[in-house]
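Breakdown of the fold
One letter stands for each residue in the lines below.
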Amino acid sequence: MSHLKRSLHCGHVAEKKIGSELILAGWVHRWRDHGGIIFIDLRDNSGIMQLVFDPAVVPDAHSLRAESVIAAKGILENRTPETINKDLPTGKFELKVTSFEVLNKAKALPFQLDEAEKVAEDIKLTYRYLDLRSEEKQKTLKLRSDLCFEMRSFLHLHEFCEIETPILSKSTPEGARDYLVPSRAYPGNCYALPQSPQTYKQILMASGVEKYYQIARCFRDEDLRANRQPEFTQLDMEMSFIDERDVQDLCEDMFKKIWDKFARRPLKDKTFPRLTYAEAFSRFGSDKPDIRFDLEINNIDKLFEQTKLTFLKATIERGGKIGALCLKDKNLSRSELEGWVSRAMHDFGAKGLLYVRFDESGKPNSPVAKFLPDNFLEQAQKVVPGITASDTLFIVAGDYKSSWEVLGKLRVELAQKHELVDESKDAFLWITDFPLVEWDREDKRWYAMHHPFTSTVEGSDWNKPETLIARAYDLVCNGEELGGGSIRIHQREIQQKMFDLLGINKDSAKEKFGFLLEAQELGFPPHGGVAFGLDRLAMILSDANSIRDVIAFPKTQNFSCLMTQAPSTVGTDQLRELGLKCTKAATPPKN
Ligand code: ASP
């Protein structure tokens, strides 16, 4: 039987087709029976069209079910004025059906598509294809596709070459756990799925490619966390003979183009502000500060040099720091203040949070008021610029890093709760000059803050690791890290210094990255690059709340796929072929 072949998309129906015979095809979106006449909203990817089935002409339409796929032939007519639907681009027309065909009959659905909001996420992920039929989800898929197209055309114009790198590869240096793929040809050996194309893109620079990019899939077997996916996508770039400014300028141009095209508002700033890591951390307690509001951290050590509060005194004597946020002009209730104390202690890892308000005469009003001098406000004005009696001071004391991190988290939540965030703009900024390495107290060793191929500024003293500054940069937008990169090490001797510092011995370095080390001695140009998280970017641009909304087939929070039921056990035959034996088994959640 030959099917009716679509002659026009629903959303493309227009005035000039009035009186013509059309064949439309799609899903039965809505169905109504008005005194025997059946009205169907037919949906395809382009939009919705009303079909009218007169039982005298087409008698079988009453049996059509929601989401069945049909093709319908008919004559396009204008609707009567009172039945025009102004909300629909095709709301002036209807197709008077003369014949139709059911291309696929839908059973009763597991959930009603127009009630998807009320349906449990698990059910929607199991029937992902039903959920994806919504207009909103289709728009998100399209936006992501357009975004990739825009990036590709921008980079193509700038003479970048798009190159795919292997998925079956070797462990890469991003520091997360690898996903492994056992090799059948070499039992006991595994490929690692790339955590990023880092080593390959550097090798491409050694290969003479001067500008590389790829929209690359990356895999990191990290612990479960909200808004994480085990596989995600990056726009990955690398260039030779450049410095950090070249990379940053190019990215700024690209983001301006992207914002002009897709964001609610274009970016006005000519260049993005740049903050060193040290400055960002001391002012905002974060390396990805949201600068759409002030509420900066103040160092108030001086205020407590002579204090009677023994724990603050002890903190200073131990070399710790005391930091404070000054929330302006909000009259906070006691219960709200206690709520912040408990949030800071239970969720932000603070040992304590002090708050100080002031009464009308300017005297401190706080659980520790009796330990504070009457002229506390006057003294505070010297270290907290502009503080007045109508403000509230939140104070955290302890070692610098952890106290400032607590204040950084509190800053963001206070701003959200008290609506301090200027939502009318998007605030980009570069964070630069990260420390090259971080000391891990538990493991008692240095770890690379980015990865071990990040270079440090020339003339650095390798004997003082804590002073080494990385030529690394992150791009931040509205408090979210969009991506980051660095200028790389391209000389073998420097690479060796880095490995020595990280305690990676010669054998292990050779085993893991031998190919790259050798390339560093066979004509390696200076180079650097960057990578941006595409999922997060799509999330920001489509105003989505979850990373799963911008991925066609996401995994659950437990990293399983409810639609295909992956991961799943494999047969003992398959394991035997790979030289493997299963000693532990667990069943992933199913629906
Ligand atoms: N490979 C790094 C990452 O995935 C980015 C870069 O340094 O280019 O985070």
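Structure shown above.
Presented here is a report on the structure given in the accompanying data block. Just so it is clear, the structure is predicted and the values come from calculations on it, not from any experiment.

Here's the deal with helix α4 (residues 198–206)
Inspection of α4 places Gln 198, Thr 199, Lys 201, Gln 202, Leu 204 and Met 205 among the buried residues, and these make up the whole buried set. Buried residues belonging to α4 abut β9 (211–219), β10 (231–240), α12 (506–519) and β22 (527–533). Positioned one or two residues after α4, Gly 208 has a phi angle of 95°, which is positive.

Focus on the packing of aromatic side chains
On inspection of all chains with the given rule, the structure shows 18 aromatic pairs. Both rings, one in Phe 281 and one in Tyr 400, keep their centres 5.5 Å apart while their planes meet at 80°; by these two values the pair is edge-to-face. One end of the pair, Phe 281, is in helix α6 (residues 277–284); the other, Tyr 400, is in helix α10 (residues 400–417), and 119 residues separate them in sequence. Through successive ring pairs, a cluster of aromatic residues spans Phe 255, Trp 259, Phe 272, Phe 428 and Phe 532. Against the face of Tyr 447 rests Arg 445, its NZ or CZ located 3.8 Å from the ring centre.

Some details on the site of the ligand
Around the ligand lies a shell formed by Glu 174, Ser 196, Gln 198, Lys 201, Arg 220, Gln 234, His 451, Gly 484, Gly 485, Arg 488, Val 530 and Ala 531. Contacts to the ligand include Glu 174, whose side-chain N or O atom sits 2.8 Å from a nitrogen atom. Across the complex, the protein chains shield 87% of the 270 Å² of accessible surface that the ligand would expose by itself. Contributions of two or more residues to the shell around the ligand are made by α4, β21 (480–487) and β22. A breakdown of the residues in the shell around the ligand according to their chemical character gives two nonpolar, six polar and four charged.

With respect to the pairing of strand β2 (residues 37–44)
The side chains of a regular strand alternate between the sheet's two faces. Among the eight residues that make up β2, seven are buried, leaving the element largely enclosed by the rest of the structure. When strand β1 (residues 21–34) meets β2, the two strands line up antiparallel, connected through seven bridges. By the bridge assignment for β2, Trp 31 is matched with Ile 40. Across seven bridges, β2 lies against strand β3 (residues 47–53) in antiparallel orientation. By the bridge assignment for β3, Ile 38 is matched with Phe 53. Remark: two residues form the turn of the hairpin made by β2 and β3, two consecutive strands paired antiparallel.

Some remarks on the nonpolar core
Counting residues in hydrophobic clusters, the biggest one holds 58 residues, and the most contacted among them are Leu 325, Leu 353, Phe 394, Leu 410, Leu 414, Ile 431 and Met 498. Per-element tally for this core: the top contributor is α10, with six residues. Leu 353 has contacts with Trp 340, Val 341, Ala 344, Phe 394, Ile 395, Val 396 and Leu 410, leaving out every residue within four places of it along the chain. Membership of the second largest hydrophobic core comes to 43 residues, among which are Phe 160, Ile 215, Cys 251 and Tyr 473.

Brief notes about the pattern of salt bridges
Tallied over the entire structure, the rule returns 41 salt bridges. Across the pair Glu 252 and Arg 274 runs a salt bridge whose closest N-O atoms are separated by 3.5 Å. Of this pair, Glu 252 sits in helix α5 (residues 244–262) while Arg 274 sits in strand β11 (residues 274–276), and the two are 22 residues apart along the sequence. For Glu 252, a relative accessible area of 2% puts it in the buried group. What makes Arg 274 partly exposed here is its relative accessible area of 26%. Of the charged contacts, one joins Arg 265 and Asp 426 as a salt bridge, the two residues approaching to 3.1 Å between their closest N and O atoms. With Arg 265 in the loop between α5 and β11 and Asp 426 in the loop between α10 and β17 (428–432), this pair connects stretches of sequence that are 161 residues apart. According to the relative accessible area criterion, Arg 265 is buried, its value standing at 18%.

Some details on the sheet that holds β17
Spatially, β6-β9-β10-β22-β21-β20-β17-β11 is the arrangement adopted by the eight strands of the open sheet, whose pairing is mixed. Of all strands in the sheet, those bounded by a partner on one side alone are β6 (161–162) and β11. Here five bridges tie β21 to β22, and the two strands are oriented antiparallel to one another. Within β22, the residue paired with Gly 484 across the bridge is Ala 531.

Regarding helix α13 (residues 534–541)
Across the eight residues that make up α13, a large majority, seven, are buried. All of the buried residues in α13 are Leu 534, Asp 535, Leu 537, Ala 538, Met 539, Ile 540 and Leu 541. If you follow the buried residues of α13, they end up packed against α3 (135–157), β9, β10, α5, β21 and β22. A positive phi of about 60° marks Asp 543, the residue just after α13.

Observations regarding the packing of helix α11 (residues 492–502) against α12
Two elements in contact, α11 and α12, have axes separated by 12 Å at closest approach and are oriented at 145°. By crossing handedness, the relation of α11 to α12 is classed as right-handed. In this structure, α11 contributes Arg 492, Gln 495, Gln 496 and Phe 499 to the contact, and α12 contributes Lys 506, Ala 509, Phe 513 and Leu 517. Of the residues that constitute the contact of α11 with α12, the class distribution is four nonpolar, two polar and two charged.

Side note on unusual backbone geometry
A cis amide bond, omega 0°, links Ala 566 with the succeeding residue Pro 567. Note on placement: Pro 567 falls in the loop between α13 and α14 (572–577). Positive phi is not limited to glycine here, since Asn 478 has a value of about 50°. Relative to the assigned elements, Asn 478 resides in the loop between β20 (472–477) and β21. Phi at Phe 559 takes a positive value of approximately 65°, unusual for a residue other than glycine. For Phe 559, the location among the structural elements is in the loop between α13 and α14.

Focus: the packing of α4 against α12
α12 packs onto α4 with a crossing angle of 20° between their chain directions and a minimal axis gap of 10 Å. One finds that α4 runs roughly parallel with respect to α12. Like other packed secondary-structure pairs, α4 and α12 cross with a definite hand, here left-handed. Contacts between α4 and α12 involve Thr 199, Gln 202, Ile 203 and Ala 206 from the former and Phe 513, Phe 515, Leu 516 and Ala 519 from the latter. A per-class count over the contact of α4 with α12 returns six nonpolar, two polar and no charged.

The rules behind each value
- Residues numbered from 1 in each chain as written.
- Predicted model: local features only at pLDDT ≥ 70, side-chain atom pairs only at ≥ 80, totals over all residues.
- Heavy atoms only, no water.
- Buried < 20%, exposed > 50% of the residue type's maximum accessible area, 1.4 Å probe, protein only.
- Helix = DSSP H or I, 4+ residues; strand = E, 2+ residues; numbered from the N terminus.
- Contact = heavy atoms within 4.5 Å.
- Phe/Tyr/Trp six-rings, centres within 6.5 Å; stacked < 30°, edge-to-face > 60°.
- Lys NZ or Arg CZ within 6 Å of the ring centre and 35° of its normal.
- Near = heavy atom within 4 Å.
- Polar contact = N/O pair within 3.5 Å; in protein donor to acceptor, adjacent residues only side chain to side chain.
- Areas by Shrake-Rupley, 256 points an atom, 1.4 Å probe, with all protein chains shown as cover.
- Nonpolar A, V, L, I, M, F, W, Y, C, P; charged D, E, K, R; others polar.
- Pairing = 2+ DSSP bridges.
- Core = buried A, V, L, I, M, F, W, Y, C linked by side-chain atoms within 4.5 Å.
- Salt bridge = Lys/Arg side-chain N within 4 Å of Asp/Glu carboxyl O.
- Axes fitted to C-alpha atoms, helices over the stretch in contact; angles between N-to-C directions.
- Left-handed = near helix turned anticlockwise from the far one by under 90°.
- Parallel < 35°, antiparallel > 145°, perpendicular 65-115°, else oblique.

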